[in-house]
Amino acid sequence: MIFGEFVINTLSLGSLYALVALGLVFVYGILKLVNFAYGEYVMVAGYSMYILGAFTPVPWWVTMIVAVAMAALTSYLTELVAFRRVRQKSDNAALVTSFAVMVLLQNAVLLFVSPRARAVKLPSAFSESITILGVVTPLRNVLTIATTLVLLLGLTLLMKYTVLGIAMRAAADKFTTTRLMGVQANLVISFAFIISGFLAGVVSIFWVGRSASVDPLIGFTPLLIAFIATVIGGMNSLVGAVAGGYVYGLLFNILSITLPASMISYRDAFMFMIVILFLLLRPEGMIKGNYTEERVG
Amino acid sequence: MSLLQSPLSRMAKHSTAWILAAVLVVGAFVLNMAASGVIVDIYTYFCINLMLVLGLQIFMGNSGILNWTYVGFVGIGAYASSILSTSPAVKEMAVANMYPSLVELQTPIIPALIIGGLVAAAVAAAIAWPLMRLSNAVGVITLFATLIVIHVLMTQWDNVTNGPRTFFGVEYYTTIFIAAGAAAVTLVAAYYFRESSLGLRVRASRDDRFAAMACGVSVVGVRYYTFILSSFVAGLGGGIWAHYITSFSPKSFYMAEAFVLITMLVIGGAGSISGATIGAVIVTVMRESLRQIEGFLNNSGVIDFQVYGLTELTVAILMIIILIWRPEGIVGGQELRLPFVGSKHRSAESADEASS
């Protein structure tokens, strides 16, 4: 049943990575801004869970809702305070701003909470195992897959059938034209940030669920994963981001199994070399969006 | 007119760089005589950082591409020169399982520094051509990924770098004069590079890629050579840094350092030498004073917990404020020109800057 285990692991990892990537692409699609602060929204949600779990008697489902809301709120606030003022002036300035926001949030936690990792209380469902088709697997893997499917379905409906979703898709294609049609730029961008933060919050629940602890640097790995997955899948397409997430999960598991033990510490280097090669051969990713101006020569 | 121009009046026209370089060197002499050891240390470190920022400016400022990989090349230069300059006996002790052929290698310090720069440049030359074809977000992510690859190699290849552990035992060589001299030379070199034919073509490709291509500029080509030059300065600066710090680990060449260098450059204004210099001054003064405050808070017992990250937090806030206020940096991509020298020579260059 090793194959069954492999499939479930890959699907669960891929689902998580698909959500991570999707959150980054929501903002990138519209603003063409690679948001380095994205990983810190995951961290904010993680710390919200730690604080609510450790200092208040609220039930776990309230904790999770508040955590996701905090991530979305942080995302919105960073847009309001920092990105909104910089983004029209210069692309590089916006990029550096996002990096500065990342450093700011990270060090705020270092300063006001602690540099050390904190244990997060989780409902018992996160540590139970179940048997599916003869494969024993942690319940949280199944939960990850199910949550991702529900979210993807919901987001698809949102993007296809609501005015807001259509406006966001239009803005990702031709922002200026969309504004000429009477869509408010700030509104669309704010919503993109809120959805991005919301997804980061959901990711955080499962991410923290794997280790049951949170530390100031927790956001870095999701950020890198989002980079790799979006690059593989296509920076300008939401579907591409999801596909990239699953491909990355598959790639990661294959490398983990096939690399000899002495090379396993180089796994990240291999991953990034694959990314670089991929970018050089096909800079638009697996699924090509409508906005392609990446390669000069 | 050009026939009559003596070298002196040429220098007057490009006075900014020469004046800044002179101030750096004079500052080193004055501080070395008058100031306390701490100030001398801070000034030395400032000069090394300034050299690194200027190297970063050569590529990032002129081509407009955010260069994350830079600090990786600083690391390559630091390791290469330290391995060359450290004596075999020390290396045997410091790096447990280094390749025997590397242990035996030893050169005097100055050739070691230069070779460090050349190694960084060679690595850059080997990998940069395809990277230079990418622009925008994809380019940024690729350079970011390259930094991570370099970092993973530095932490894992313990036959060369001692892995994630500290590489110690490097000889102390970088005095305040060497640091100031290196920074001054880099400053003048970066200035003249910016004004050179290649520098002008890279800047053209930054301002309007398609117009530059239409004028016959090979965008990938000019970026490529600029990247190699920038990496050479990075390697050289890394060597000088290593011979000042004398022990370091791969952590020194990662995100935190990259952020410091990029902050310095962006706060001042990436487009010009004056901007890079002013940014380096402001960030150094801020960081050092905040670090004093942080140290004071931690040691004095005024508050009952340890303060971490105050310096970085404040620098990040300052950075966001400056970017909101002046997205092109404080100087805004132009060279400062003193009002009383060289103002009569309104060359095509300064007209170009005035109109941009």
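Residues numbered from 1 in each chain as written. Chains lettered and ligands numbered in written order. Predicted model: local features only at pLDDT ≥ 70, side-chain atom pairs only at ≥ 80, totals over all residues.

## Some words on the overall build of chain A
Scanning chain A from N- to C-terminus turns up eleven helices and four strands. Rg of the C-alpha trace for chain A: 19 Å, near the compact-globule value of 19 Å for 297 residues, within the 12% margin. In terms of overall dimensions, chain A has C-alpha extents of about 55 × 45 × 40 Å along its principal axes. Per-residue burial over chain A gives 48% buried out of 297 residues. Restricting to contacts in chain A with at least 6 residues of sequence separation, those with at least 24 account for 76%. (Helix = DSSP H or I, 4+ residues; strand = E, 2+ residues; numbered from the N terminus. Rg over C-alpha atoms; globule rule 2.2 N^0.38 Å. Buried ≥ 20, exposed ≤ 12 C-beta atoms within 10 Å, placed from the backbone. Contact = placed C-beta atoms within 7 Å.)

## Here we look at the overall build of chain B
Counting its regular elements, chain B contains 17 helices and zero strands. With 356 residues in all, chain B has 50% of them scored as buried.

## A closer look at the interface of chain A and chain B
The interface of chain A with chain B comprises 42 residues on the first partner and 39 residues on the second. Put simply, the parts of the chain that give the side of chain A that touches chain B at least two residues each are helix 3 (60-86), helix 4 (91-112), helix 9 (220-233) and helix 11 (267-281) of chain A. Considering each element in turn, the side of chain A that touches chain B owes the most residues, 14 residues, to helix 4 of chain A. Broken down by class, the residue content of the side of chain A that touches chain B amounts to 29 nonpolar, six polar and seven charged. (Nonpolar A, V, L, I, M, F, W, Y, C, P; charged D, E, K, R; others polar.)

## Points about the pairing of strand 2 (residues 129-132) of chain A
Residue and element names in this part refer to chain A. Sheet analysis places strand 2 next to strand 3 (residues 135-138), joined by four bridges and oriented antiparallel. Bridging from a neighbouring strand, Ile-130 pairs with Thr-137 of strand 3. Turn length for the strand 2-strand 3 hairpin, with the two strands adjacent in sequence and antiparallel, is two residues, and the turn residue Leu-133 shows positive phi of about 50°. (Pairing = 2+ DSSP bridges.)

## Section: the packing of helix 11 of chain A against helix 8 (residues 136-156) of chain B
Contact pair helix 11 of chain A / helix 8 of chain B: the axes reach a minimum separation of 9 Å and the direction vectors enclose 150°. Between helix 11 of chain A and helix 8 of chain B, the interaxial angle falls into the category roughly antiparallel. For the crossing formed where helix 11 of chain A meets helix 8 of chain B, the hand is left-handed. Taken together, the residues of helix 8 of chain B that come into contact with helix 11 of chain A (itself represented by A:Asp268, A:Ala269, A:Phe272, A:Met273, A:Val275, A:Ile276 and A:Leu279) are B:Val138, B:Thr142, B:Ala145, B:Thr146, B:Ile148, B:Val149, B:Val152 and B:Leu153. (Axes fitted to C-alpha atoms, helices over the stretch in contact; angles between N-to-C directions. Parallel < 35°, antiparallel > 145°, perpendicular 65-115°, else oblique. Left-handed = near helix turned anticlockwise from the far one by under 90°.)

## Some thoughts on the confidence of the model for chain A
Per-residue confidence for chain A gives a mean pLDDT of 84; residues scoring 70 or more make up 96%. Ignoring residues within four places in sequence, the model shows residues 292-297 of chain A, a span with pLDDT below 50, making 19 contacts including any to other chains. (pLDDT = per-residue confidence, 0-100.)

## Overview of the environment of A:Phe36
All names here are of chain A. The residue Phe-36 is located in the loop between helix 1 (2-31) and helix 2 (38-55) in this model. Considering only alpha carbons, one finds Phe-36 and Val-96, 60 residues apart in sequence, at a separation of 8.6 Å. Dropping the residues within four chain positions of it, Phe-36 is found in contact with Ser-98, Phe-99, Met-102 and Leu-223.

## A short note on unusual backbone geometry
The backbone of A:Lys32 sits at a positive phi, close to 55°, despite the residue not being glycine. Relative to the helices and strands, A:Lys32 is located in the loop between helix 1 and helix 2. The phi torsion at B:Thr246 lies on the positive side, around 70°, for a residue other than glycine.

## Concerning the confidence of the model for chain B
Scored by pLDDT, chain B has a mean of 85; 90% of the residues are at 70 or more. Under the prediction, the complex receives an ipTM of 0.80, its pTM being 0.86.

## What about helix 7 (residues 109-131) of chain B?
For helix 7 of chain B, which comprises 23 residues, the first-to-last C-alpha distance of 32 Å matches the rise-based estimate of 33 Å (1.5 Å per residue) to within 8%. Roughly 35° is the biggest bend found in helix 7 of chain B, and it falls at B:Ala125. (Expected span 1.5 Å × (residues − 1). Bend = angle between axes of the 7 residues up to and from the residue.)

## Section: the environment of A:Leu199
All names here are of chain A. Note on placement: Leu-199 falls in helix 8 (residues 185-211). Through-space distance from the C-alpha of Leu-199 to that of Leu-19 is 6.4 Å; in sequence the pair is 180 residues apart. Ignoring anything within four residues of it in the chain, the contact list for Leu-199 reads Leu-19, Leu-22 and Gly-23.

## Considerations on helix 15 (residues 273-300) of chain B
Residue and element names in this part refer to chain B. The terminal C-alpha atoms of helix 15, which comprises 28 residues, lie 40 Å apart, in line with the 40 Å expected from a rise of 1.5 Å per residue. Every buried residue belonging to helix 15 is among Ile-273, Ser-274, Gly-275, Ala-276, Thr-277, Ile-278, Gly-279, Ala-280, Val-283, Thr-284 and Arg-287, and all of these are buried. Buried residues along helix 15 sit in contact with helix 2 (15-34), helix 3 (37-63), helix 10 (176-195), helix 14 (255-268) and helix 16 (310-325).

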